[in-house]
Amino acid sequence: MIRSTVARIDLDALKRNFLAIRSHLAAEPGRTPPSIIAVVKANAYGHGSERVALALEQAGATMLACADIEEGIVLRRAGVRVPVLVFGALSVSDLDGLFEYALTPTISTPSAARAVQTAAARHGITIGYHLKIDTGMNRLGFRYDNLRRTLPELLGSANLRLEAIYTHFATADDPEGSLFDDQRLRFDQALATIDALAPAAAGGVSSPVRSVRRHAGNSAALLRDSRVWYDVVRPGLLLYGIVPPPLASTVPLTPVMSLTSRVVAVKGLRPGEAVGYGARFRASAPATIAVVPAGYADGLDLRLEGRGQVLIRGRRAPIVGAVSMDMMTVDVTSLGDVQPGDEVVVVGRQGDESWQQIGVREMAAAIGTIPYEIVCRVGARIERQYSA
Ligand SMILES: *Cc1c(COP(=O)(O)O)cnc(C)c1O
């Protein structure tokens, strides 16, 4: 028995998206294509991190990234074998997971550096890490303009091995702003500074920095500027077949997630009658309402009321009345003979020849949010059904 509202996750589309991104990165003549860190944080953007991670590994991903140690442990327990980078700040207290599950930490603060060094010494091993540089996001990372003061201790840590240096863009999806270019130049400046610092910090042995990889590009950044490809890129959203708005892309991507349900009841409204909490949708003429068993507890946003649409019988029907916890109502008056059991597409496509499609980008735009939020919020109550 499963509920009628399900998220279908097309793992074949996911793998094709990965390969399409890889081809895109290989298409620039005269340079070694960057490798890919496939980002599967936040339960793989709501798609289910275990199956998604294994599929990406199968498709050839050589590194995955997640938000914290707990997410990394989930990946390892699912059988992921490739290196797993942890993006987030490490809670200074509980680092054992890094060692037990062979995760690669990001070191983004001096205190984290000391904590990981202490823990690595206790475990008697040298652990590889990625160094995060703050070039203008002002969130995590060592400030790009203060590295001579902050880095020597880290670079001299006996049990820490620098594997990569990275930064993260604040405005990669804003083609107008200047911060993106500022950050790119600051990152280059930081790389030069570290290169100059490292031999001294490492006690005179040959510079470790020339062998470390550099990375900066999330989905939007890698689409807009190949100068920020460096040695590795870090796409998330693109893997799931969604181009970050407002950007456009010629990379052939397929949406990985679709969200479907079934009509559970059909109700007639007389003129003047209202539907749902707040009685905000009032029928001016005889109307037909279909009840769909998915609501805000499933991650469907309240703001879809009066703004969103679903597909039923291959046609669009507006979401009317309040989205409630477990159900929502759509106006099917113009659709003719809608019956309980009819398929409802909330995200995805429907119909055979003249199929219609509702994309995550469309839904996000309708309610004033970003596609990331839509997919991440698909609720735990919704079963993910995987097709390979
Ligand atoms: C989430 C994240 C990414 C991926 O971002 P997308 O916009 O989904 O491509 C890359 N790098 C870091 C540090 C992130 O946190």
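Quick caveat: nothing in here was measured; it's all calculated off a predicted structure. (Residues numbered from 1 in each chain as written. Predicted model: local features only at pLDDT ≥ 70, side-chain atom pairs only at ≥ 80, totals over all residues. Heavy atoms only, no water.)

1. Describing the overall build of the protein chain
If you tally the helices and strands in the protein chain, you get 11 helices and 21 strands. Dimensions of the protein chain, computed from the C-alpha atoms along their principal axes, are close to 85 × 40 × 35 Å. Residues counted as buried form 51% of the 388 residues belonging to the protein chain. Across the protein chain, the fraction of contacts at a sequence separation of at least 24, relative to all contacts at a separation of at least 6, is 65%. Across the protein chain, the centroid of the 42 positively charged side chains sits 1 Å from that of the 38 negatively charged ones. (Helix = DSSP H or I, 4+ residues; strand = E, 2+ residues; numbered from the N terminus. Buried < 20%, exposed > 50% of the residue type's maximum accessible area, 1.4 Å probe, protein only. Contact = heavy atoms within 4.5 Å. Lys, Arg positive; Asp, Glu negative; His and termini not counted. Charge placed at Lys NZ, Arg CZ, Asp CG, Glu CD.)

2. A word on helix 10 (residues 360–367)
Residues of helix 10 that are buried include every one of V360, M363, A364 and I367, and no others. Axial view of helix 10: buried residues confined to an arc of 100°, hence all on one face. Buried residues along helix 10 sit in contact with strand 19 (343–350), strand 20 (356–358) and helix 11 (371–376). Two residues or fewer after helix 10 comes G368, characterised by a positive phi angle close to 75°. (Arc of directions from axis to C-beta.)

3. A look at the site of the ligand
Near the ligand you find V39, K41, Y45, F87, H168, N218, S219, R234, P235, G236, L237 and Y372, and these make up its full shell. Within the backbone of G236, an N or O atom sits 2.8 Å from an oxygen atom of the ligand. A total of 390 Å² of accessible area belongs to the ligand in isolation, and the protein chains cover 93% of it. The residue makeup of the shell around the ligand, split by class, is six nonpolar, four polar and two charged. (Near = heavy atom within 4 Å. Polar contact = N/O pair within 3.5 Å; in protein donor to acceptor, adjacent residues only side chain to side chain. Areas by Shrake-Rupley, 256 points an atom, 1.4 Å probe, with all protein chains shown as cover. Nonpolar A, V, L, I, M, F, W, Y, C, P; charged D, E, K, R; others polar.)

4. A closer look at unusual backbone geometry
For the bond from P245 to P246, the omega torsion is 5°, close enough to zero to count as cis. Note that P246 resides in the loop between strand 10 (232–233) and strand 11 (257–262). The residue A44 is not glycine, and still its phi comes out positive at about 50°. Structurally, A44 can be placed in helix 2 (residues 41–45). The exposure class assigned to A44 is buried, which follows from its relative accessible area of 0%. The phi angle at N138 is positive, at roughly 55°, despite the residue not being glycine. By the element assignment, N138 lies in the loop between strand 6 (127–134) and strand 7 (142–143). According to the relative accessible area criterion, N138 is exposed, its value standing at 57%.

5. Looking at a nonpolar patch on the surface
Together, Y296, L302 and M325 line one region of the surface with nonpolar side chains, adding up to about 300 Å² of accessible area. By secondary structure assignment, the location of M325 is in the loop between strand 17 (315–320) and strand 18 (328–331). On the accessibility criterion, M325 (43% relative accessible area) is partly exposed. (Patch = residues over 30% accessible without salt bridge, like charges linked within 9 Å, V, L, I, M, F, W, Y side chains within 5 Å. Salt bridge = Lys/Arg side-chain N within 4 Å of Asp/Glu carboxyl O.)

6. Regarding the domain arrangement of the protein chain
If you check the domain split of the protein chain, you get domain 1 (34–240) and domain 2 (257–387). Once you take the C-alpha centre of each, domain 1 and domain 2 turn out to be 40 Å apart. Contact residues are listed per partner, giving seven residues for domain 1 and seven residues for domain 2. Carbon and sulfur atoms supply 66% of the area that domain 1 and domain 2 bury against each other, a total of about 790 Å² over both sides. Taken as a group, Y45, H47 and L237 account for 54% of the area that domain 1 buries against domain 2, more than any other trio of residues on that side. Applying the counting criterion to the domain 1 and domain 2 interface returns zero salt bridges. (Domains from an automatic or database assignment. Buried area = accessible area lost by both parts, 1.4 Å probe.)

7. Things to note about helix 4 (residues 69–77)
Along helix 4, the residues that are buried comprise I69, G72, I73, L75 and R76. Each buried residue of helix 4 lies within a common arc of 160° when the element is viewed along its axis, so the set occupies one face. Helix 4 presents E70 and R77 as exposed residues on the side facing more than 90 degrees away from its buried surface. The inward-facing, buried residues of helix 4 contact helix 3 (49–59), strand 3 (63–66), strand 4 (84–86) and helix 5 (96–100). Positive phi shows up at G79, right after helix 4, with a value of about 105°.

8. A word on the environment of L85
Relative to the elements of secondary structure, L85 occurs in strand 4. Overall, the relative accessible area of 0% leaves L85 in the buried class. Separated by 17 residues in sequence, L85 and D68 have C-alpha atoms that sit 8.9 Å apart. Discounting residues that sit within four places of it in the chain, L85 has contacts with I37, M63, L64, A65, C66, T104, P105, T106, H130 and H215.

9. Quick look at the pairing of strand 9 (residues 213–217)
When strand 8 (residues 160–166) meets strand 9, the two strands line up parallel, connected through three bridges. Across the sheet, the residue bridging to A164 is R213, located in strand 9. Note that strand 9 and strand 10 share two bridges and pair parallel. Opposite H215, over in strand 10, you have V232 as the bridge partner. (Pairing = 2+ DSSP bridges.)

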